[in-house]
Structure formats: structure tokens, C-alpha cells
Amino acid sequence: MVILPLIEGLDNGLALTPPMGWMTWQRYRCITDCQKYPDECISDKLVRRVVDKMISDGYLDVGYEYIIVDDCWMENERDSSGHLVEDKVRFPYGMESLINYVHSNGFKFGIYEDYGRKTCMGYPGMLGHVQKDINKFADWGIDYIKVDGCYNDEVDLSDGYEMLKDALNNTGRPIVYSCSYPAYHDENSIPTDFMKLSKNCNLWRNYDDIQDSWGSVTDILDYFALKQDFIAKYAGPGHWNDPDMLLIGNYGLSYDQSKVQMALWAVLSAPLLMSVNLDTIRPEYAAILKNKKIIQVNQDPLGIQGLRVLRKNKIEVWTKKITPVIGENYSYAVAFYSRRTDGSPQEFNVTLRDIGLNFIGGYKLEVNFIIYNLAI
Ligand SMILES: *[C@@H]1O[C@H](CO)[C@@H](O)[C@H](O)[C@H]1NC(C)=O
Ligand SMILES: *[C@@H]1O[C@H](CO)[C@@H](O)[C@H](O)[C@H]1NC(C)=O
């Protein structure tokens, strides 16, 4: 019998493993000038190209199923009846037609909005229009919503996000709900009630936005390690901590740093949301994103978030409990993460007991790129 922590998650039957997909933000941000940047602006054309590429290059096959349009998809004003409208130039066939295209190719569609007067980039926010906007999204057929927290004066945002959860539930359509408010609370030193959070949201951003750099990755990992005793137990099927998007294939991470991000995000049971130009990504980076063994660690059905268990000579060991489980004896994914900058290979000695692997029957070792997968 496996004893799982008694955390009740949002009861919508979704995100039983961490969501996997592709999102516009990290690579394409708020590019809206399609004259100057025809291939990079946030548009119908971009999304359709991503759909086709994700099929032809095998991303859908390994599990990346959500295609998510972040900020900057809207017109600057609501229409005369108060509805949000997609930018008419960049989404000339309408959002519904685009979503149909996404669905007919086997993907799910995610959209961005903000629980404030405006989105972070200044487009109309949902404050005062929550049910109307959510109904519109449900009519369009969205499957996922990322709700940001800019331009809202409420000190504690959790009640507002709970109301949004009810508005989503009212539509009757199953929609994955990604909440940004813990990151806003963290920034303003407002405590977050994680029990309430995990009942209301399928995933949530804990900390700062990721930026395209190794420094940003290490900063986020340090935060997750520092807070792990408090936050890790709230992760599980249907409810996940979210350290933000995968940078892999962009400008900021080397090949080896990219492997670290993929491995540690897998160990953290993090959502795997890439954000990269799929037309130009180099094959070795694409291979990291498509590494089936690492994805399997991330998608392990137990959904237990991994922890940093050891630090020695600027090398960290992180472990995650995974299946198969025999009795109360788990298998483990083990990641060795070097923070060293001296270059030459380092000898690193550690016993299984040092990292909490105490099963007297011993373990069978399966070696993957930089991740060591220890199975019973
Ligand atoms: C709405 O909430 C109820 C009660 O928690 C739940 O059983 C149901 O699955 C939810 N429906 C949707 C569409 O999320
Ligand atoms: C698993 O662990 C329990 C105690 O935690 C032990 O009693 C049991 O024998 C172990 N199972 C196997 C198959 O060894």
C-alpha cells in the first residue's frame, strides 16, 4: 500500500499528470507587428504552423498535447456587447476556427487572460466580467486557461481565483486551470494558503517569470529547494507546482544546461511547457525535449514532487519517488546537478543511503543522459 499525502485537488478530473505542451510566451512574447515579423507575431498562422510541426516532428507522439496562446491575442477593446475579441488582423478567421483546427489535429487548446483590469501587456482584463468571459472561452472550446494577476488591487488574490474556479465549473466544460497568484503573493510577501490553492487550481506559478538564461534556471531551482518542505506536498495528480516554461532550444541555455532543465523539471513533476521556434530548433535540443525516459519520470502516475536531498562540493542530488513501488518501497529517479564552473570532470562519491535510498533488497540501476533512474 502506497501512502499518499492527503491533499485534495481541484475536482475536475484534469491534469492527473503534469500538463505537457507548447506555449507562445517565452519565445514570442508580445510580438504583434506581423508586417515586420510575419513568422513571429502572435497569430493564427503561428499557431497552425506549430500544430503541423508538432505532428510532423513527433512532439505530439511523446505527449506534448496543449497548445497555449499567452498574452497579446486580443483587440485593445471589448466589442459593443462587452465581449472580448481576438485581434482581427492576426486571427482573421476567428479564435473558434483556430481552436477547431487545433482540436481536429489531436491537440488541446489553451488561452491566457488576467484577473485584473488589464492583462500584464495592457489588453482588457477579466475583472468585472469573469463569468461572461469564461462562458465565451468555453463556447470557443478552450481546454486550458492561464490566469495572470496583473492590474488587480486585491491584497490576497485567492478569493478571486476561487470565484474564477466556480465560473469555470459553471460552464460544464472541463478546463485546466493555471493560476498565477502565488507568484504575486510571493513577490509581495503575502502568505498563500496552499490547501485552498490545490483545491482551486490544477497548477500554479510559485515564483518569478523564467527568463532565457541559466541564472534564471538556477534561481528557480534554488527557490524550489528552499521551499520544498512547505510546497512539495501540495503537488499531486490534478494539482502541480509550476516553475514556469522550458527554455530548451532558445538562446540562453547551453546543450548541457538544457539537459539539466529537462531533468530537474521532470524530477519536480513540473508542467512541461516548451516555448521555442520549432522550425529552427537544433535537432539535439529537440531530442532533449523528446527524451521518452525523462518524460516518463515527469509523467509518473504517482505524481510525487522530487526533492533536493544532498549538496556537496557544489554538486546537488535530487530524487523523486516513482513507480514501480513494492510494498512501501519506491523506485527513484535520481538527478545529479553540478553547479561547478571549474570545467574538469569531478569525482563525486555518494552512497545510496546518503540520498535516502534504504531498501535492503537493493536497486537496479538504469542510466539515462544525466539522469540516473534507480528502480527496485
Ligand atoms: C464541477 O465541480 C464538481 C464538484 O466539485 C465536480 O464534480 C465536477 O466534475 C466539476 N465540473 C467541471 C466541468 O469541472
Ligand atoms: C517494503 O518495505 C516494507 C517496510 O517499509 C517491508 O516490510 C517490506 O518487506 C518491503 N517489501 C519488499 C518486497 O521487500
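Bear in mind the structure is a predicted one, so any value in this text is a computation, not a measurement.

**Some points on the overall build of the chain**
So, point 1. In terms of helices and strands, the chain carries twelve helices and 13 strands.
So, point 2. Relative to the 2.2 N^0.38 estimate, which gives 21 Å for 376 residues, the radius of gyration of the chain is 21 Å and therefore close to what a compact globule would have.
So, point 3. By its C-alpha atoms, the chain is 70 × 40 × 35 Å across when sized along the principal axes.
So, point 4. Counting only residues that meet the buried cut, the chain has 55% of its 376 residues in that class.
So, point 5. Considering only contacts within the chain whose residues lie at least 6 apart along the sequence, 70% involve residues at least 24 apart.
So, point 6. Distance between charge centroids for the chain: 5 Å, based on 38 positive and 51 negative side chains.

**Describing the site of ligand 1**
So, point 1. The environment of ligand 1 is formed by D11, N12, N169, G172 and R173.
So, point 2. Within the contact set of ligand 1, an oxygen atom lies 3.2 Å away from a side-chain nitrogen or oxygen of D11.
So, point 3. N169 is positioned such that a nitrogen or oxygen atom in its side chain is 2.3 Å from an oxygen atom of ligand 1.
So, point 4. Its free accessible area being 360 Å², ligand 1 has 52% of it covered by the protein chains.

**Quick look at the domain arrangement of the chain**
So, point 1. Assigned domains within the chain: domain 1 (20–303) and domain 2 (308–374).
So, point 2. For domain 1 versus domain 2, the separation of C-alpha centres amounts to 30 Å.
So, point 3. If you look at the interface, domain 1 gives 23 residues, while domain 2 gives 20 residues.
So, point 4. With both sides pooled, the region where domain 1 packs onto domain 2 buries about 1,900 Å², and carbon together with sulfur makes up 68% of that total.

**Considering the environment of S269**
So, point 1. In this fold, S269 is placed in the loop between α10 (255–267) and β8 (272–274).
So, point 2. Sequence separation between S269 and G82 is 187 residues; the distance between their C-alpha atoms is 39 Å.
So, point 3. Excluding its chain neighbours within four sequence positions, the residues that come into contact with S269 are P18, W240, N241, N298, G303, I304, Q305 and K320.
So, point 4. For S269, the side chain forms a polar contact with the main-chain oxygen of I304, separated by 3.0 Å.

**Describing the UniProt feature "domain: Alpha galactosidase A C-terminal" (unreviewed entry) in the chain**
So, point 1. UniProt's feature table lists "domain: Alpha galactosidase A C-terminal" (unreviewed entry) at residues 303–357, given in the numbering used throughout.
So, point 2. The span residues 303–357 carries 0% helix and 51% strand; its end-to-end C-alpha distance comes to 19 Å.

**Some words on the site of ligand 2**
So, point 1. Every residue lining ligand 2 is accounted for by I326, E328, N329 and F359.
So, point 2. The side chain of N329 places a nitrogen or oxygen atom 2.6 Å from an oxygen atom of ligand 2.
So, point 3. When isolated, ligand 2 has an accessible area of 360 Å², and the protein chains bury 40% of it.
So, point 4. For the shell around ligand 2, the per-class residue count stands at two nonpolar, one polar and one charged.

**Description of the packing of aromatic side chains**
So, point 1. A full pass over the atoms with the stated rule returns 20 aromatic pairs.
So, point 2. Judged by centre distance (5.8 Å) and plane angle (75°), the ring pair of W73 and W140 falls under edge-to-face. With W73 in the loop between β2 (66–69) and α3 (95–104) and W140 in helix α4 (residues 130–140), this residue pair connects regions lying 67 residues apart in the sequence.
So, point 3. Note on W73: relative accessible area 0%, which makes it buried.
So, point 4. A residue is classified by how much of its surface remains accessible, and W140, at 7% relative accessible area, is buried.
So, point 5. Measuring from centroid to centroid gives 6.1 Å for F359 and Y363, while their planes differ by 75°, and the two rings are edge-to-face.
So, point 6. Overall, the relative accessible area of 24% leaves F359 in the partly exposed class.
So, point 7. Here the guanidinium or amino end of R48 rests over the ring plane of Y101, the centre of that ring lying 4.9 Å away.
So, point 8. A cation over an aromatic ring shows up here: K118 above the ring of Y151, its NZ or CZ 4.7 Å from the ring centre.

**Concerning α4**
So, point 1. Where α4 is concerned, the buried positions are V130, D133, I134, F137, A138 and W140. Mapping the buried residues of α4 onto a view down its axis gives an arc of 160°, with all of them on the same face.
So, point 2. Those residues of α4 that are buried lie in contact with α3, β3 (108–114), β4 (144–148) and α5 (158–170).
So, point 3. Within two residues after α4, G141 carries a phi angle of roughly 100°, on the positive side.

**Quick look at the sheet that holds β4**
So, point 1. The strand order across the open sheet built from eight strands is β7-β6-β5-β4-β3-β2-β1-β8, with neighbouring strands paired in parallel fashion. If you trace the sheet from one side to the other, it starts and ends with β7 (240–242) and β8, each paired once. Strand-to-strand twist across the sheet, computed as the mean angle between neighbouring axes with direction ignored, equals 25°.
So, point 2. Relative to β4, β3 is paired through five bridges, and the arrangement is parallel. Within β4, the position partnered with Y112 by the bridge is K146.

Scoring rules and cut-offs
Residues numbered from 1 in each chain as written. Chains lettered and ligands numbered in written order. Predicted model: local features only at pLDDT ≥ 70, side-chain atom pairs only at ≥ 80, totals over all residues. Heavy atoms only, no water. Helix = DSSP H or I, 4+ residues; strand = E, 2+ residues; numbered from the N terminus. Rg over C-alpha atoms; globule rule 2.2 N^0.38 Å. Buried < 20%, exposed > 50% of the residue type's maximum accessible area, 1.4 Å probe, protein only. Contact = heavy atoms within 4.5 Å. Lys, Arg positive; Asp, Glu negative; His and termini not counted. Charge placed at Lys NZ, Arg CZ, Asp CG, Glu CD. Near = heavy atom within 4 Å. Polar contact = N/O pair within 3.5 Å; in protein donor to acceptor, adjacent residues only side chain to side chain. Areas by Shrake-Rupley, 256 points an atom, 1.4 Å probe, with all protein chains shown as cover. Domains from an automatic or database assignment. Buried area = accessible area lost by both parts, 1.4 Å probe. UniProt positions renumbered as here; feature names shortened; annotations may be inferred. Nonpolar A, V, L, I, M, F, W, Y, C, P; charged D, E, K, R; others polar. Phe/Tyr/Trp six-rings, centres within 6.5 Å; stacked < 30°, edge-to-face > 60°. Lys NZ or Arg CZ within 6 Å of the ring centre and 35° of its normal. Arc of directions from axis to C-beta. Pairing = 2+ DSSP bridges. Axes fitted to C-alpha atoms, helices over the stretch in contact; angles between N-to-C directions.

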